[in-house]
Structures are given as C-alpha cells and as structure tokens.
Amino acid sequence: MTLVYCPSRDRMGIPERFAGFGPNKRQEIARLVVEIAKRDRLTPVTVLECIPAGCKAYPAVKAHLLARRFPEASRRGDKISEAFPAVEIDPACAMPLGRGENIPAPRMIYVEEAVKNSALARRATQKFPDARVSLIADYKTHTRRQAFDIPAYNRRTQDLFIIREQYDHFKPCPCSPGVVPCGYHNANLGFGCPFECTYCFLQSYANAPGIVIPANIEDLFHTFDGYQDGVRVGSGETTDSLVFDGLTGFAGDIVEHFRAFPRRVFEFKTKSTNVAGLLAVKASSNIVVGWSLNPQKVIDAEEHFTASLAGRLEAAARCAAHGYRTAFHFDPVIYFPGWEGAYEGVVQQLFRAVPAQSIAWISVGTLRMTPSQKKVIENRFPENTILDAELFTAADGKLRYAPAVRREIYRAMLAWIGRVAAPSTKVYLCMETASMWKEAGARVIW
Ligand code: SF4
C-alpha cells in the first residue's frame, strides 16, 4: 500500500478538518498522519477519524498524534521537538525492485578519450557486447548539463562511465561532526552501486548519472605509495568494493600492490560473494575482506539484490581459509520488534562460519540518515519499514534512534560479540559520540 499526501491534492480533508490551523500546522499534522498510517497499514482518513472528538485545538491534536507516532519515546517521557516536513511523495520516483538478483548490463558505455586504450575499457566492451560505446572528451563536460533527479538515479545502471580519475584517489573518511574518528582513508574504486539498500546514503549524495569507474588504478597506487605506514584504508564508501570485480579485476591488483606495504592495511567492504579475484592470488596478511551483516529478514526487506547472509558468510569462510583476515560490520543495525534474537543469531552464525582468529575487526553502527536522505527513501522505497521507526535529530543533524535505544543496542551487541570473539579482534562503534562509546562500554581503539 503506497500512501501519498500532497498538500495541493489533499484527499484527507486536512484543510476542512482543521480550518483554523495555519499551513505549517497542517503540514505537521499531515506528516504525522501519513507516517502513522504507513506504519500501521491504515488509511490516513482512518487515523484522522481516531483523533478523540475532544481534541480540537492544535496542541491537543498534535499531542495525540505524537503519542501515537512515537509510543516508545512517549513512554520514556522524551521531549519530542522535531520538524515535520511536508510529505511530497511522487509514485513516479519509486524504484522498480523486480529485476531479480542479477546486476543489469549497461546500455551505454561512455569512455573518456584518455583511457580509451585501457584494459578496463577493453574488458567492458567485451563483457557487454550489446552496449553502445561512445567516446567522450571528459566526464565532467559530458555530464555538465544533465539533469539529475530520483528517476535518473533509479536508471543509473544503464550508463557506465570509464574515466581517468585525476584527483580523488584517496580521502580521509568524512566523519560526522562530534563522533569518535576511526582514522580511516577511503580509496576511490568507483562511484555508484547497483545494489539497492533502502538506507544507502549514495541515493541522496550521488550526482553521477551512471556508474563511474576509474580505469587508471595505477595512479591510485602511485598516490598510495606516498602514504605513511600505519594507515588503514579501504574501498566501499562510494561503491561496493567487490560488486564490479568481475569487470574491473581490481581486487587481485590491489592485493599484489599492497603486499609490498605490510604495515599498511587495505580493507574491501562488500555485500556480495564476488571473491574469485581475491582467491585467484596469494593472500596477504595486510588485506582484510569485510562484509556488512544483517539478519536475513533485514536483507530481504532493505538490501535488495545483495547476497544472502549465508552467502556472505560462506564467501568470508573461503577468504579466511585462503589466508585473508576478515572483518564484519553490523552497520546499520536496524531496530525492530524481535531485533535481539535476530542479531544475536547473526553473531552466533558468524562465529560458527568463520574462525574467530581470522577476524581483524567488527564494527557496530545503528541506522542514521540525513533529513534529505529520508525524503529520497520515502520516494524511492514507499514500502520500506526503516522509516516506521522512531528517529530523532541528533547533534550531528542526522536522524537516529533515541540515545536510550542506541545504548541498548550497542551494549547487547558488544556483549554477544565479546562472548565469542578472539581477544585480538577489535570491536568499535561506527559514527558514534565519545559519550555513547562510554555508556555502551566500548573502548576507543584507533
Ligand atoms: S551495498 Fe553499500 S553502496 Fe551499495 S547500495 Fe548498499 S549501502 Fe549503498
């Protein structure tokens, strides 16, 4: 059931029901009603009709709806002082999710002149023989006038850009303000991901009208050679580290290059099972292969087209047996009724599948998003369940679960992991404040 509220096409009758309310108050009421209706699988009119007859004034109507929309926070007595932006959901923006598990082949391959003779350009044209190929002077000029909106983002896998990356080979991880930094550096192995995680930050951040992959990985290596020992770098920030490896073959090249720098660590982060390139070369002790983990129920609902939990753990076990160190990221942990049993089960499954000694680190982070990301999510994934949760604006401006909920999640996750992890495994919280680390009992390790 997709519920749409548009102030100019109000079908709930909010202007008539609340004739004395100004436009901002009507907007708040509409947002609360639509969110309650979506979560409870009701019509907005039914929600409105449940407002007690005695609730006529704005404070009483709002208090009734807040208690219904945020029952846990209300029970705790939390003060709820949120902005409730207009509901603007366009059904034309919904992401079609019926393509099965295959990564769609591009229809167009755009190749920058500078890399037209690269191995990647050759491999792409061979791998996708039905795609049309167009040589372009450079990506920026070519895409300068292209409109970029949600429907364009939904079509992003149709266009593949093979470029010469000149500047952004590595960047320090852009931590949220006020959170404990982990000193990570992000390697740019591409921009854009064909998976569809409902919470993905790329959907509100990306401004590329396709998938962009640099062909000049040797320049990334050259930049990296200038780094100091002790650095921890990884890909997986702006794309999944291994999802395109069948095309790029970067994984094997990275292992071979980093082998010469044993005091620097490189981490692949993936939700795929594409480990053939890693298994085709000798493992190196400074290479960590990381998987994001969630209960299968969450994968089914929120991580479309990604590998199953069992598939991820099986790929991790193969990498560990091959000699790689592994890493696991419970990030984002999704809070839902029964989350404890589901996540404790994943922790147990992980340690049954993968030897504890192979695990370099485990991170835990809870769902977070910017307000603009929330708007994109509700348009692209109208059936999502992550937005049904009680999310509040945190100090960094992101929407997060209430501190009490996050604390409960971290304490439980750290306890379950601590019972079975090897003493050498580092466990850290991702994008959390120092006070939350302390309250959760986590140690600062970086
Ligand atoms: S795998 Fe990562 S980059 Fe890809 S859609 Fe999911 S969250 Fe985004």
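Below, the structure is looked at part by part. The shown structure was predicted, so the numbers you read here are calculated from the model rather than taken from an experiment.

Scoring rules and cut-offs
Residues numbered from 1 in each chain as written. Predicted model: local features only at pLDDT ≥ 70, side-chain atom pairs only at ≥ 80, totals over all residues. Heavy atoms only, no water. 1 Å grid on protein atoms, 1.4 Å probe; cavity = no way out; pocket = protein on both sides within 12 Å on 5 of 7 lines; lining within 4 Å. Points joined across faces, edges and corners; volume = space filled by probe spheres on them. Core = buried A, V, L, I, M, F, W, Y, C linked by side-chain atoms within 4.5 Å. Buried < 20%, exposed > 50% of the residue type's maximum accessible area, 1.4 Å probe, protein only. Helix = DSSP H or I, 4+ residues; strand = E, 2+ residues; numbered from the N terminus. Domains from an automatic or database assignment. Contact = heavy atoms within 4.5 Å. Pairing = 2+ DSSP bridges. Right-handed = clockwise from strand over helix to strand, strands pointing away. Near = heavy atom within 4 Å. Nonpolar A, V, L, I, M, F, W, Y, C, P; charged D, E, K, R; others polar. Axes fitted to C-alpha atoms, helices over the stretch in contact; angles between N-to-C directions. Parallel < 35°, antiparallel > 145°, perpendicular 65-115°, else oblique. Left-handed = near helix turned anticlockwise from the far one by under 90°. Polar contact = N/O pair within 3.5 Å; in protein donor to acceptor, adjacent residues only side chain to side chain.

In the structure shown here, the tally under the stated rule is four cavities of 30 Å³ or more. When its volume is computed, the second largest cavity comes out at roughly 70 Å³.

Moving on, we come to the nonpolar core. Counting residues in each nonpolar core, the largest one holds 146 residues, and the members touching the most others are Phe268, Leu278, Phe328, Phe330, Tyr343 and Leu350. Top element by residues in this core is helix 18 (residues 403-420). It accounts for eight residues. Per-domain counts for this core show at least three residues from each of domain 1 (7-89) and domain 2 (167-440). The contact partners of Leu278, leaving out residues within four places of it in the chain, are Leu242, Ala251, Val255, Phe268, Val289, Cys319, His322 and Tyr324.

With that settled, the discussion passes to the pairing of strand 13 (residues 359-366). Counting buried positions over the eight residues of strand 13 gives eight, a clear majority of the element. Relative to strand 13, strand 12 (residues 325-333) is paired through six bridges, and the arrangement is parallel. The partner of His329 across the bridge, within strand 13, is Ser363. Of the crossover connections in this fold, the one passing from strand 12 over helix 16 (residues 339-353) to the parallel strand 13 is right-handed. Strand direction decides the pairing type here: strand 13 and strand 17 (residues 426-429), joined by four bridges, are parallel. Paired with Val364 across the two strands is Leu429, which belongs to strand 17.

In this section: the site of the ligand. All residues adjacent to the ligand are Cys193, Phe195, Cys197, Cys200, Leu202 and Lys271. Among the residues forming the shell around the ligand, the class breakdown is five nonpolar, no polar and one charged.

Here we take up the pairing of strand 12. For strand 12, a buried count of eight out of nine residues is recorded, marking the element as mostly surrounded by other parts of the structure. Note: strand 10 (residues 287-292) against strand 12, five bridges, orientation parallel. Counted as the bridge partner of Trp291 is Phe328 from strand 12.

Below, the discussion takes up the packing of helix 15 (residues 309-322) against helix 16. The N-to-C vectors of helix 15 and helix 16 enclose an angle of 30 degrees; their axes lie 9 Å apart at closest approach. In terms of axis orientation, helix 15 runs roughly parallel to helix 16. The element helix 15 and its partner helix 16 pack so that their crossing is right-handed. Facing helix 15, whose interface residues are Leu309, Leu313 and Ala317, helix 16 presents Val346, Gln349, Leu350 and Ala353. Looking at the contact of helix 15 with helix 16 residue by residue, the classes come out as six nonpolar, one polar and no charged.

Among the structural elements, Arg407 can be located in helix 18. A residue is classified by how much of its surface remains accessible, and Arg407, at 23% relative accessible area, is partly exposed. Residues Arg407 and Ala440, spaced 33 residues apart in sequence, show a C-alpha to C-alpha distance of 5.5 Å. Excluding residues that lie within four positions of it along the chain, Arg407 makes contacts with Met436 and Glu439. In terms of polar contacts, Arg407 uses its side chain to reach the side chain of Glu439, at 2.5 Å.

We now examine the sheet that holds strand 1 (residues 108-112). Taken in spatial order, the four strands line up as 2-1-3-7 in an open sheet, and their pairing is parallel. Here the strands that pair on one side only, and so sit at the sheet edges, are strand 2 (132-136) and strand 7 (211-214). Pairwise comparison of adjacent strand axes, ignoring direction, gives a mean angle of 20 degrees for this sheet. One ladder, built from five bridges, connects strand 1 with strand 2; its direction is parallel. Bridge pairing links Glu112 to Ile136 in strand 2. Seen against the sheet, helix 6 (residues 119-127) touches strand 1, strand 2, strand 3 (159-163) and strand 7 and runs at an angle of roughly 160 degrees to strand 3.

Each neighbour pair has its own omega, and for Asp331 with Pro332 the value is 5 degrees, a cis peptide bond. Residue position: Pro332 is located in strand 12. Despite not being glycine, Phe305 shows a phi value in the positive range, around 75 degrees. Structurally, the position occupied by Phe305 is in the loop between strand 11 (303-304) and helix 15.

What follows covers the side chain of Arg406. Locating Arg406 in the fold gives a position in helix 18. Note on Arg406: relative accessible area 7%, which makes it buried. A distance of 3.0 Å separates a polar atom in the side chain of Arg406 from the backbone oxygen of Tyr401. Residues contacting Arg406, with those up to four places away along its chain left out, are Thr366, Arg400, Tyr401, Glu432 and Met436.

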